[in-house]
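Descriptive analysis of the structure
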Amino acid sequence: MEQTLVILKPSAIHRALVGKIIDRFQKKGLVITGMKMMQLDEKILREHYAHLVEKPFFPSLLESMMAAPVIVMCLEGKDCVEVVRMMTGATNGRKALPGTIRGDYSMSGQENIVHASDSIENGQIELARFFKPEEIFKYTPSDLRFFYAPDEI
Ligand code: IDP
Ligand code: MG
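A few points on the structure. Given the structure is predicted, the values throughout are model-derived calculations rather than measurements. All chains use their own residue numbering, which begins from 1 and follows the written sequence. Chains and ligands are labelled by the order in which they are written, letters from A for the one and numbers from 1 for the other. Since the coordinates come from a predicted model, pLDDT governs what is reported: local features require at least 70, and pairs of side-chain atoms require 80 or more to be given and counted, while whole-chain, interface and lining totals use all residues. Here the side-chain values reflect all heavy atoms present in the structure, with hydrogen atoms and water set aside.

Simply put, an axis is a line fit to the C-alpha atoms, just over the touching stretch for a helix, and the angle between two N-to-C directions goes from 0 to 180 degrees. Every helix listed is a DSSP run of H or I at least four residues long, and every strand listed is a run of E at least two residues long, numbered separately from the N terminus. The geometry of helix H2 (residues 18-28) relative to helix H5 (residues 80-88) is characterised by a closest axis approach of 12 Å and an angle of 135 degrees between their N-to-C directions. The angle between H2 and H5 places the two elements in the oblique class. Between H2 and H5 lies a crossing of right-handed hand. Contact residues: H2 offers Arg24, Phe25 and Lys28, while H5 offers Val83, Val84 and Met87. Residue composition of the contact of H2 with H5, grouped by class: 4 nonpolar, no polar and 2 charged. Throughout this description, any angle smaller than 35 degrees is read as roughly parallel, any larger than 145 degrees as roughly antiparallel, any in the 65 to 115 degree range as roughly perpendicular, and the remainder as oblique. Left-handed describes a crossing in which the near helix is turned anticlockwise from the far one by less than a right angle; the clockwise case is right-handed. We call two residues in contact when some of their heavy atoms are within 4.5 Å. Note that Gly is not counted as nonpolar here; it falls among the polar residues with everything else outside the nonpolar set of Ala, Val, Leu, Ile, Met, Phe, Trp, Tyr, Cys and Pro and the charged set of Asp, Glu, Lys and Arg.

Here is the structure:
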């Protein structure tokens, strides 16, 4: 099954939104196969946000992402990367559609609650950045047949 990386950012931790967000992913039918809390540092953030290091807001983004420990998650499901990006919504919370996580919980372009991988390839790279192989588990939820038709899995 396809995998993606989700990070519950310090904005989710400080605002006590962790349970609500995890609940959304589980109710959707995505399977949590890895989850842990960790304090991010500048080194890992410079890798993770390499496409943004030259932006004027990067120092502020760094500080924001280190403002609390984060929760990193590996989610699995059919077309998981695209599904989770849709659930996440547009980068800027003020532009994200209601019904998305950012649309429902964020008013900010920076403090936008969650990170989600933007492609299957990046998902694999990002999971390897935040998880050791043994921290991602293989199991089949007992009720998978009520989440998918037989020809979908
Ligand atoms: P994404 O999180 O929707 O994939 P990216 O462009 O990859 O968006 O940016 C990564 C993160 O950097 C965003 O989630 C947000 O926290 C922050 N960010 C992006 N653009 C801005 C900006 O213009 N101002 C402040 N922070 C930004
Ligand atoms: Mg991105």
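Moving on: the nonpolar core. Leu8, Ile21, Phe25 and Leu75 are the most contacted members of the largest nonpolar core, which totals 21 residues. At the level of elements, strand E1 (3-8), H2, strand E3 (70-76), H5, helix H6 (101-105) and strand E4 (114-116) are the ones that each hand at least two residues to this core. Residue contributions to this core peak at 4 residues, all from H5. Aside from chain neighbours lying at most four places away, what touches Phe25 is Val6, Leu30, Leu75, Val84, Met87 and Ile101. In these notes, a set of buried Ala, Val, Leu, Ile, Met, Phe, Trp, Tyr and Cys residues joined through side-chain atoms within 4.5 Å is what counts as a nonpolar core. Only protein chains enter the accessibility calculation, which uses a 1.4 Å probe; a residue whose area is less than 20% of its type maximum is buried, one above 50% is exposed, and one in between is partly exposed. In this structure, Leu62, Val70, Val72 and Phe131 belong to the second largest nonpolar core, which totals 18 residues.

Assignment of secondary structure puts Phe146 in the segment after helix H7 (120-130). In sequence terms Phe146 and Gly29 are 117 residues apart; their C-alpha atoms lie 9.4 Å from each other.

Before going further, it helps to spend a moment on the site of ligand 1. For this purpose, a residue is taken to be near a molecule or strand whenever a single non-hydrogen atom of the residue falls within 4 Å of it. Surrounding ligand 1, one finds Lys9, Tyr49, His51, Leu52, Phe57, Leu61, Arg85, Thr91, Arg102, Gly109, Gln110 and Asn112. Definition of a polar contact: a pair of N or O atoms within 3.5 Å, with one able to donate and the other able to accept a hydrogen when the atoms are protein atoms, and with sequence-neighbouring residues admitted only if both atoms are side-chain atoms. In this structure, Arg85 approaches ligand 1 through a side-chain N or O atom, which is 2.9 Å from an oxygen atom. Between an oxygen atom of ligand 1 and a main-chain N or O atom of Gln110, the distance comes to 2.9 Å. Here the accessible surface of atoms and residues is derived via Shrake-Rupley with a 1.4 Å probe, and residues count as covered only by protein chains that are part of the display. Bound to the protein, ligand 1 loses 76% of the 530 Å² it would expose on its own. Within the shell around ligand 1, the residues separate by chemical class into 4 nonpolar, 5 polar and 3 charged.

Worth remembering: the numbers are spatial, not functional.
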